[in-house]
Amino acid sequence: MIRQIIESDWGCIAEIEKQAYPSITESTGVRRTNAESIDVLRAKNMLSPETCFVFEVDSIVVGFCLSHPYPANSAPSLDSKIDEVIQNSNLLIHDMAVKQSHSGQGIATKLFNHLLSVAVKLNYHSMSLVAVQNAFSFWAKFGFEIVENFSVDSSYDETSVLMKLENIAEELEYIH
């Protein structure tokens, strides 16, 4: 079941976030994680609660999606708090992750399809995201394309690329 995020979900979201983004060693030898602080994740939800939700199985949160309006062809740094809504016709998928024990069950696809439906109803025209950990092929199957000549912020891992999906209303018609 997909539903909006409530306060008691944040512990599960933090657990999924840590599983999805394990520590990595940068080329400088410094260990860091792509997981963001819970305060930053909460702030994303507060920007656009109607485009943020969890996926439950047997009343347990096993996946989540955080998205908010943000200019196309740009992306905020990881772990940066955005305090004000940036009105835009583009919806940034900031984070979508599924618990490892539930991966491969189509949950991410269900979360994305739900987000797509909501985004079209809210009159967004495009979506963008930073694909991390070589996930660009996952997003490409939904029609996302890599934004050429754009370098993501160094807070992301080395494989990260900005991707964009234009004309989301057409994409919604395609999946239905």
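What you are looking at is a predicted structure, and each value in this text was computed from that prediction instead of being measured. (Residues numbered from 1 in each chain as written. Predicted model: local features only at pLDDT ≥ 70, side-chain atom pairs only at ≥ 80, totals over all residues. Heavy atoms only, no water.)

Caption draft 1: Quick peek at the sheet that holds strand 8 (residues 145-146). One open sheet holds the 7 strands; their spatial order is 1-4-5-6-7-9-8, and the pairing between them is mixed. Each end of this open sheet is capped by a strand with a single partner; those strands are strand 1 (2-4) and strand 8. With 7 bridges joining them, strand 5 (residues 60-69) and strand 6 (residues 90-98) adopt antiparallel strand pairing. Along strand 6, the bridge assignment pairs F64 with A97. Its contacts with the sheet place helix 1 (residues 10-20) against strand 4 (53-57), strand 5 and strand 6, and it is angled at close to 85 degrees to strand 5. With respect to the sheet, helix 2 (residues 38-47) is in contact with strand 5 and strand 6, its orientation differing from that of strand 5 by roughly 65 degrees. (Pairing = 2+ DSSP bridges. Helix = DSSP H or I, 4+ residues; strand = E, 2+ residues; numbered from the N terminus. Contact = heavy atoms within 4.5 Å. Axes fitted to C-alpha atoms, helices over the stretch in contact; angles between N-to-C directions.)

Caption draft 2: Local environment of the confidence of the model for the chain. Mean pLDDT over the chain stands at 87; residues scoring 70 or higher make up 90%. Per-residue pLDDT, averaged within each element of the chain, yields its smallest value for strand 3 (residues 31-33) (48) and its largest for strand 1 (98). Per-residue pLDDT stays below 50 along residues 25-32; that stretch engages in 14 contacts with residues further than four places along the chain or on separate chains. (pLDDT = per-residue confidence, 0-100.)

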